[in-house]
Amino acid sequence: MTSDERVLRECWQAAARQVHTILAAGDDCCFLTLGDAMLYSTYIYLLRELKAIDPAIRVVTTPGVTAFSAAAAATNTAIGLAKQLVTLCRASDDLGPFTAAFDHGGTSS
């Protein structure tokens, strides 16, 4: 795990090349992730790099169940009734984004 953008990008590119090699050989490939693939997932970066290698590549992304949705369903707790605002924050060791999100009051336009 690193936060060095250069190192991350190199790793994502290397992973995308490996996946592309598998797909180019005619085989299928699967990326498993916790939660939803399009919410704070490494999959997003892998997909971006794979599309950079081959923009015409066919990718099927299956939606997942996020932890907050699973917890709400398990406890029959509504999230965001009517026009209530909902705030989503990524996990972080920096509390600044949490403070900013709570100061904003939720996800709105």
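Now for a quick tour of the structure.

### Brief notes about the overall build of the protein chain
When helices and strands are tallied, the protein chain shows four helices and zero strands. Scanning the protein chain from its N terminus toward the C terminus, one meets helices and strands in the order α-α-α-α. Scaling as 2.2 N^0.38, a compact globule of 109 residues should have a C-alpha radius of gyration of about 13 Å, whereas the protein chain reaches 18 Å, well beyond that. Principal-axis analysis of the C-alpha atoms gives the protein chain an extent of 50 × 30 × 25 Å. For the protein chain, the residues scored as buried account for 16% of the 109 residues in total. Counting contacts in the protein chain only where the partners sit at least 6 residues apart, residues at least 24 apart contribute 43% of the total. Entry remark: accessible area of the protein chain is about 8,400 Å², with carbon and sulfur atoms responsible for 58%. Where the 8 positive side-chain charges of the protein chain centre and where its 11 negative ones centre are 6 Å apart.

### Let's talk about the environment of aspartate 94
Position of aspartate 94 relative to the elements: it lies in the loop between α3 (67-75) and α4 (96-104). In this structure, the C-alpha to C-alpha distance between aspartate 94 and serine 41, residues 53 residues apart in sequence, is 19 Å.

### Points about the side chain of aspartate 36
Looking at the secondary structure, you find aspartate 36 in the loop between α1 (5-24) and α2 (42-53). In terms of polar contacts, aspartate 36 uses its side chain to reach the backbone amide nitrogen of methionine 38, at 2.9 Å. Engagement of the side chain of aspartate 36 in a polar contact is seen with the backbone nitrogen of glycine 64, the distance being 2.8 Å. If we ignore the near neighbours within four places in the chain, the residues touching aspartate 36 are Ser41, Pro63, Gly64, Val65 and Thr66.

### Topic: unusual backbone geometry
Most of the time, phi is negative for any residue but glycine, and the peptide bond is trans. Here tyrosine 40, not a glycine, exhibits a phi torsion of approximately 55°, which is positive. The topology assignment puts tyrosine 40 in the loop between α1 and α2. The backbone of alanine 82 sits at a positive phi, close to 50°, despite the residue not being glycine. Along the chain, alanine 82 falls in the loop between α3 and α4.

### Some remarks on a nonpolar patch on the surface
A surface patch of nonpolar side chains, about 460 Å² in accessible area, is lined by Leu39, Tyr40, Phe68, Ile79 and Leu88. Structurally, phenylalanine 68 can be placed in helix α3.

### A closer look at the pattern of salt bridges
Per the stated rule, a full pass over the model turns up three salt bridges. Among the ionic pairs, glutamate 10 bridges to arginine 6, the shortest N-O distance being 3.0 Å. Within this pair, glutamate 10 and its partner arginine 6 are both found in helix α1, separated by four residues, close to a single helical turn. Glutamate 10 sits in the partly exposed class, given a relative accessible area of 41%.

Rules used throughout
- Residues numbered from 1 in each chain as written.
- Predicted model: local features only at pLDDT ≥ 70, side-chain atom pairs only at ≥ 80, totals over all residues.
- Heavy atoms only, no water.
- Helix = DSSP H or I, 4+ residues; strand = E, 2+ residues; numbered from the N terminus.
- Rg over C-alpha atoms; globule rule 2.2 N^0.38 Å.
- Buried < 20%, exposed > 50% of the residue type's maximum accessible area, 1.4 Å probe, protein only.
- Contact = heavy atoms within 4.5 Å.
- Areas by Shrake-Rupley, 256 points an atom, 1.4 Å probe, with all protein chains shown as cover.
- Lys, Arg positive; Asp, Glu negative; His and termini not counted.
- Charge placed at Lys NZ, Arg CZ, Asp CG, Glu CD.
- Polar contact = N/O pair within 3.5 Å; in protein donor to acceptor, adjacent residues only side chain to side chain.
- Patch = residues over 30% accessible without salt bridge, like charges linked within 9 Å, V, L, I, M, F, W, Y side chains within 5 Å.
- Salt bridge = Lys/Arg side-chain N within 4 Å of Asp/Glu carboxyl O.

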